[in-house]
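This is what each chain is made of:
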Amino acid sequence: MAALQNVPAILRQPIKRWRLAFTTIYFSRTLRSLLHDSASNNSIKLPSSTPPFVVLDVNADVSNIDQTSLTTLVKEKNLDQLLQFGGVEGVAIALRSDVRNGIHGAAKDVAQRQAAFGSNTYPRPATKSFFHFVAEAFKDLTILVLLVCATLSLCFGIKEHGLKEGWYDGGSILVAVFLVISVSAVSNYRQNKQFDKLSKVSNNILANVVRNERYQQISIFEVVVGDIVCLRIGDQVPADGLFLDGHSLQVDESSITGESENVEVNASRNPFLFSGTKVADGYGRMVVTAVGMNTTWGRMMSTISRDTNEQTPLQDRLNKLTSSIGKIGLTVAFLVLVVLLVRYFTGNTKDENGNTEFNGSKTKSDDVVNAVVGIIASAVSILVMSIPEGLPLAVTLTLAYSMKRMMADQAMVRKLSACETMGSATTICTDKTGTLTLNQMKVTKFWLGKDPIEGSSSIAPNVLKLIQHGVALNTTGTIYRDTTGKLEFSGSPTEKAILSWSVLELGMDMEILKRNCTILHVETFNSEKKRSGILTRKKTDNTIHVHWKGAAEMILAMCSSYYDASGRVTDLNAAERMRFEQIIQGMAATSLRCIAFAHKQIPEEEHEIGEGRKKIEEDRLTLIGLMGIKDPCRPGVRKAVEECQHAGVNVKMITGDNVFTARALATECGILKADQNMNSEAVIEGEVFRKYTPKERMEKVDKICVMARSSPFDKLLMIQCLKRKGHVVAVTGDGTNDAPALKEADIGLSMGIQGTEVAKESSDIIILDDNFASVVTVLRWGRCVYNNIQKFIQFQLTVNLAALAINFVAVVSAGEVPLTAVQLLWVNLIMDTLGALALATEQPTKELMEKQPVGQEELLITNIMWRNLLAQALYQISVLLTLQFKGGSIFGVQDKIKSTLIFNTFVLCQVFNEFNARKLEKKNIFKGIHKNKLFLGVIGITVILQVVMVEFLNKFADTERLDRGQWEACIAIAAMSWPIGLVVKCIPVSKKPFLRYLKW
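Bear in mind the structure is a predicted one, so any value in this text is a computation, not a measurement. (Residues numbered from 1 in each chain as written. Predicted model: local features only at pLDDT ≥ 70, side-chain atom pairs only at ≥ 80, totals over all residues. Heavy atoms only, no water.)

Caption draft 1: Representation of the overall build of the protein within the structure. Across its full length, the protein holds 35 helices and 26 strands. Across the protein, the fraction of contacts at a sequence separation of at least 24, relative to all contacts at a separation of at least 6, is 74%. (Helix = DSSP H or I, 4+ residues; strand = E, 2+ residues; numbered from the N terminus. Contact = heavy atoms within 4.5 Å.)

Encoded structure:
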């Protein structure tokens, strides 16, 4: 690293001329030395001079250009400065990078580059600390009111009874509030950490680089200055850099500039590439000049923090429900406050000794304030109890839990709302390649003319050369041969299959073929054109050739002749064309992807005339051959499709393959039934669907199961039609052109392996293994989220209804609150936080996939839930009011023990009712309970803490110890909720929603 401090800041002359500079310097120094010796002998001194060249320090570790110059060069798009550096190749040489083979890539080399130029990371805003969430919890108005009441109660209690006993009431409320705040803060803090982890995973993009002559994939965070990066359609540019070579490269710079127009990148006019931009078309290679915080993207992203406060539609609906219940609770709390205050100031309340508490002016002011504070605390506690703040917490917990589990099941959630929306999906539009299939391509058939070919020996030499040129030059794939001679193919699965076949079966040498040709123009493959073309000039004879490769029927339509098995060119008449179409259909019927190769030699004069058009000729081509590529169906995909269909979700396959291949694979996967023939409306081509009138499309869209030869626009059109018909649509996509469809769909599912960065950014969920079975897993988890929320709502509303009714009736009739402020807060803790933990973490069950999809407009509280919660609430109200008014005589106990019995029974009722809430419809509430360790843990902790509250924290909880018989009575009363729940579930309910006017 010491040598870095001695290198010149910039190169002032073109580095391409460094050898000339070295020779000149060496020669001039030698000449000066000779002259110096001569002058010394004659006692004459020559004036010293500095040569006008910058001497390269060949011992420098990394670079002869400093980071500031590199950053400024790209940021300002300074072509003049680039020329001063000796062009792009000059910059690469200065960065000790080989434009062909990349950097050395050894650990020491990478470490030196990171030390000199920084790493490709940027500092993120500090994550929110635990104390931030504690502070957030304190902002709750009801908590603040309770704290004020607790403080006043503490002050007056200590003043009246001394420190030893005076702190109990106020201190108990403070401890209870502290517990509520702590549990809430811990839950939110853990959720925030989970989102941070997911964010890091989603930002860890893979980049294709060349290091030490080898193409390899590395994390975007490992890219260093000097790396040679390969860019293809849909890739995110991983760092700032300069364009080395490529064709038709167009970049979407809207993330940096805000401009929607794509920018053409080339070697002559605009070789500048910026981190964070996306490749919209073409392909190319770049040399990295700046990473991390030295890029505009890095500086911008370091100021942006992930918003973990995203509100999902379900959370919005629950907030409205919470608000409605809160208003009811506020009304009840206010009435309780008024009644208690009136009874106190009219002398209708008595203390523990039976004395009237308020005697006008005779009562001390401290006692009045103490009593009023106690009354306010009770009213506020009722309000706290009534507000179901556990509902948003339950949604957060179940979403965070499901996101974590879905990650393990190969699905990464980018948008929270997608979790719950997926549960309502009615239609899944899926790709074929890689999703329904394994994406493990292999060439199994090749037709030369009208004859199948088994090996290269049966191919005419002239045709063999054309096939090899068509494969080697018209590809974005690469071949790497290591020192042991082992071959490594890279590129898309289709490209790898073709290259592998050409090398292993035909003996193709890609390097030699590329060296002997000059590429003049390229038209890259995309999902709209379904073909790619290349214009080349042979160096040996200077002839110009066109090679096309792509969808067989499309290439066939461009041909007017073909090569037969002997290598002769034969005209392609109508009969011959029909024969080729039959060959294509025959391969497609066996689920083979059909690809054709075509060629044409262009006369020099024609090339010169058409040179300005920048378009490769597409007509009067000669068909070289037809290739059949097999991509096996994924194991288990048929079962996954059947599971979706059984769950009321339609599966539609949208593919770019021809109609015969699509139909064969759709039948194999179970999307099409064997009796659905080609003439039915279940199978259609994208072009036909596109030409329908809007009315026809709306009539036919539900019947379509397979759309073949579809473009991204056709996919978008189908999604729009399905949504207009009321479907909730999930769509899979992997290409850049799929981005509009992924955004339009209710749930966009991008592919983690084959998906481009553009597709991933447009999606809501990334399927990490590209497997359709993982899509079904997402569907199951989506339904689970919705179902878990419904379970918790039923449990919470039962407690709310029972608590409000008991307190209101007791206050109005007897003028006292059965449960103290601390006891209410403890019940609130059980109900909200612990209840949410227990019920929101239930795992998906098979029953979820036996129901029809739940519409997004369906009411959250169904008739089944109303039936269950009303039955349990009425039972609890009747039992607890009986204890309130007759408990003393039934058990022969004093009021203090009676109050403890009411408190204990009420809490145990919630514990038993939590089991009922696990199953909304099924009678067996214990099924699968052993799988949910968290549920059992929460129940165990609740019971233990309740025993501690009753038996040991008598002062704190204002309770009295109970004997064995009283405990057994409380448990028996609470356990009755199980048989009641069983009986109630036998009662049929109407399908028409109860209380339809309440839009919950």
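Caption draft 2: Layout of the nonpolar core. Within the largest apolar cluster, 144 residues are counted, with the highest numbers of intra-cluster contacts made by Ile 671, Ile 765 and Phe 772. The element best represented in this core is helix H28 (residues 772–814), accounting for 20 residues. If we ignore the near neighbours within four places in the chain, the residues touching Phe 772 are Ile 428, Thr 430, Thr 435, Leu 436, Val 637, Ala 640, Val 641, Cys 644 and Val 651. Val 74, Val 91, Val 237 and Phe 243 belong to the second largest nonpolar core, which has 38 residues in total. (Core = buried A, V, L, I, M, F, W, Y, C linked by side-chain atoms within 4.5 Å. Buried < 20%, exposed > 50% of the residue type's maximum accessible area, 1.4 Å probe, protein only.)

Caption draft 3: Region of the structure containing the pairing of strand S13 (residues 487–490). As paired elements, strand S12 (residues 478–481) and S13 share 4 bridges and run antiparallel to each other. Residue pairing across strands places Thr 478 opposite Ser 490, the latter belonging to S13. Hairpin connection of S12 to S13: 5 residues between the antiparallel strands, including Gly 485 at a positive phi of 90°. (Pairing = 2+ DSSP bridges.)

Caption draft 4: Inspection of unusual backbone geometry at higher detail. You will see that Asn 212, though not glycine, has its phi angle at about 55°, which is positive. Position of Asn 212 relative to the elements: it lies in the loop between strand S1 (206–211) and strand S2 (214–219). You can call Asn 212 partly exposed: its relative accessible area is 43%. Although it is not a glycine, Asp 958 adopts a positive phi angle of roughly 60°. Position of Asp 958 among the secondary structure elements: in the loop between helix H33 (954–957) and helix H34 (964–975).

Caption draft 5: Seen up close, the sheet that holds strand S21 (residues 650–654). Taken together, the 8 strands give an open sheet; going across it, the order is S8-S26-S25-S24-S9-S21-S23-S22, and neighbouring strands pair in mixed fashion. Every other strand in the sheet has two partners, leaving strand S8 (411–413) and strand S22 (683–685) as the edge strands with one partner each. Looking at each pair of strands side by side, their axes are set apart by 20° on average, direction ignored. In this sheet, strand S24 (residues 729–733) lies alongside strand S9 (residues 427–430) in parallel orientation, the contact comprising 3 bridges. Across the sheet, residue Thr 427 finds its bridge partner in S24, namely Val 729. Packing of helix H22 (residues 659–669) onto the sheet brings it into contact with S21, S22 and strand S23 (706–708), and relative to S23 it is tilted by some 150°. (Axes fitted to C-alpha atoms, helices over the stretch in contact; angles between N-to-C directions.)

Caption draft 6: A look at the pattern of salt bridges. Overall, the coordinates contain 32 salt bridges when judged by the stated rule. In this structure, Arg 568 engages Asp 564 in a salt bridge whose closest nitrogen and oxygen atoms are separated by 3.5 Å. Asp 714 is paired through a salt bridge with Arg 690; the nearest N and O atoms lie 2.7 Å apart. With Asp 714 in helix H25 (residues 712–724) and Arg 690 in helix H23 (residues 686–691), this residue pair connects regions lying 24 residues apart in the sequence. Residue classification places Arg 690 among the partly exposed positions, given a relative accessible area of 35%. (Salt bridge = Lys/Arg side-chain N within 4 Å of Asp/Glu carboxyl O.)

Caption draft 7: Local environment of empty space enclosed by the protein. Taken as a whole, this structure holds 5 cavities of 30 Å³ or more when the rule is applied. Approximately 60 Å³ is the volume attributed to the largest cavity. Forming the walls of the largest cavity are Gln 794, Asn 868, Ala 871, Gln 872, Asn 916, Gly 981, Val 984 and Lys 985. At the level of secondary structure, the elements contributing two or more residues to the lining of the largest cavity comprise helix H30 (863–891) and helix H35 (977–984). Among the elements that line the lining of the largest cavity, the one with the most residues is H30, at 3 residues. In terms of residue class, the lining of the largest cavity is made up of 2 nonpolar, 5 polar and 1 charged. (1 Å grid on protein atoms, 1.4 Å probe; cavity = no way out; pocket = protein on both sides within 12 Å on 5 of 7 lines; lining within 4 Å. Points joined across faces, edges and corners; volume = space filled by probe spheres on them. Nonpolar A, V, L, I, M, F, W, Y, C, P; charged D, E, K, R; others polar.)

Caption draft 8: Inspection of the environment of Val 688 at higher detail. With respect to the helices and strands, the residue Val 688 is situated in helix H23. Under the relative-accessibility criterion, Val 688 is labelled partly exposed at 37%. Considered as a pair, Val 688 and Asp 714 are 26 residues apart in the sequence and their alpha carbons are 9.7 Å apart.

Caption draft 9: Structural context of the packing of aromatic side chains. Counted under the stated rule, the structure contains 12 aromatic pairs. Seen in terms of ring centroids, Tyr 562 and Phe 580 are 5.0 Å apart; in terms of plane orientation they differ by 75°. Their pairing is edge-to-face. Note that Tyr 562 is positioned in strand S17 (residues 559–563) and Phe 580 in helix H19 (residues 574–589), a separation of 18 residues in sequence. Ring geometry for Phe 926 and Trp 978: centres 5.1 Å apart, planes at 85°, overall edge-to-face. Within this pair, whereas Phe 926 is found in the loop between helix H31 (895–917) and helix H32 (933–951), its partner Trp 978 is found in helix H35, the two being separated by 52 residues in sequence. The class for Phe 926 is partly exposed, based on a relative accessible area of 38%. Overall, Trp 978 belongs to the partly exposed group, its relative accessible area being 28%. The rings of Phe 912, Phe 915, Phe 926, Phe 935 and Trp 978 are connected pair by pair, giving a single aromatic cluster. Positioned over the ring face of Trp 548 is Arg 531, at 5.5 Å from the centre of the ring. (Phe/Tyr/Trp six-rings, centres within 6.5 Å; stacked < 30°, edge-to-face > 60°. Lys NZ or Arg CZ within 6 Å of the ring centre and 35° of its normal.)

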